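Secondary and tertiary structure notes
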Amino acid sequence: MTTHANPQLLTLNAGTHWLCTCSQSKNKPYCDGSHQGTPFTPLALELEATKQVEISS
Amino acid sequence: MKLTIRDMPTAAASRPRRLAKPTIDLDTAPYAITLLRVSLGLLFLAHGLLKVMVFTLPGTAQFFASLGLPAGMAYVVAPMELIGGLMLMAGLYTRWVALALFPILLVATYTHLPNGWLFAHENGGWEFPAFFAVATVVQFLLGDGAYGLTQRLRLPR
Ligand code: FES
């Protein structure tokens, strides 16, 4: 599903982050709109403070 | 897809701890520290007042000289005991006050050495000043405890 090493550790600032769920994005793990035409929509991750986020498939 | 969200590692958490778990009861310990601090403060204040009011400073200087200590030390030790005692009672920079008072008690312990160890011996054995000296080191390691003034002086961040 992902071309990145698994799991992926990110430090994300407070705010909303759109994560790709369709696996078409060229900018994984973020959504870049490539999901157009698929039944997938990005996942909104809303953080109230800077957090470390680990993404694994 | 699985997301695991963790708090940022804080400076406090990443700082190496000497002991993995607290070995004291954090609910009651601050009051124990305060009790020690106020007791030590009262003792120092009483001894300082005794030197100034009862023996008077020249008298204390003479007494120091009779023990083979520099007489001028009286003019340093008595104010240190008075101010230090008040600062301990107020909980103001407890650690550093306790550390500053420690050498006074080392000298006191030393001067009581010839009297034997038992505190009830004539002129007082060394066990009491020695224990007193240890207590100041303990206070240095403990800090202010509850109701200390140092914390109120710190600017809110
Ligand atoms: S690009 Fe994959 S969800 Fe938007």
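Residues numbered from 1 in each chain as written. Chains lettered and ligands numbered in written order. Predicted model: local features only at pLDDT ≥ 70, side-chain atom pairs only at ≥ 80, totals over all residues. Heavy atoms only, no water.

1. Some details on the interface of chain A and chain B
Contacts between the two partners involve 16 residues from chain A, matched on the other side by 9 residues from chain B. Summing both partners gives a buried area of about 1200 Å² for chain A against chain B, and 61% of it is carried by carbon and sulfur. Area buried by chain A at its contact with chain B is led by Lys51, Gln52 and Glu54 of chain A, which between them contribute 44% of it. At the boundary of chain A and chain B, one finds 2 salt bridges. Where Glu54 of chain A meets Arg6 of chain B, a salt bridge forms, and the shortest distance between an N and an O atom there is 2.6 Å. Viewed at the interface, chain B and chain A are joined by 5 residue pairs in polar contact (both at pLDDT 80 or more). Of all the secondary-structure elements, those providing two or more residues to the side of chain A that touches chain B are β1 (8–12), β3 (43–47) and β4 (51–56) of chain A. The element best represented in the side of chain A that touches chain B is β4 of chain A, accounting for 6 residues. Pairing geometry for β4 of chain A and strand β1 (residues 2–7) of chain B, over 6 bridges, is antiparallel. (Contact = heavy atoms within 4.5 Å. Buried area = accessible area lost by both parts, 1.4 Å probe. Salt bridge = Lys/Arg side-chain N within 4 Å of Asp/Glu carboxyl O. Polar contact = N/O pair within 3.5 Å; in protein donor to acceptor, adjacent residues only side chain to side chain. Helix = DSSP H or I, 4+ residues; strand = E, 2+ residues; numbered from the N terminus. Pairing = 2+ DSSP bridges.)

2. Re the sheet that holds β4 of chain A
Taken in spatial order, the 3 strands line up as β1(A)-β4(A)-β1(B) in an open sheet, and their pairing is antiparallel. A single partner strand is all that each edge strand has here, and the edge strands are β1 of chain A together with β1 of chain B. Adjacent strand axes in the sheet meet at a mean angle of 25° when their direction is disregarded. (Axes fitted to C-alpha atoms, helices over the stretch in contact; angles between N-to-C directions.)

Functional significance is not addressed by these values, which are geometric in nature.
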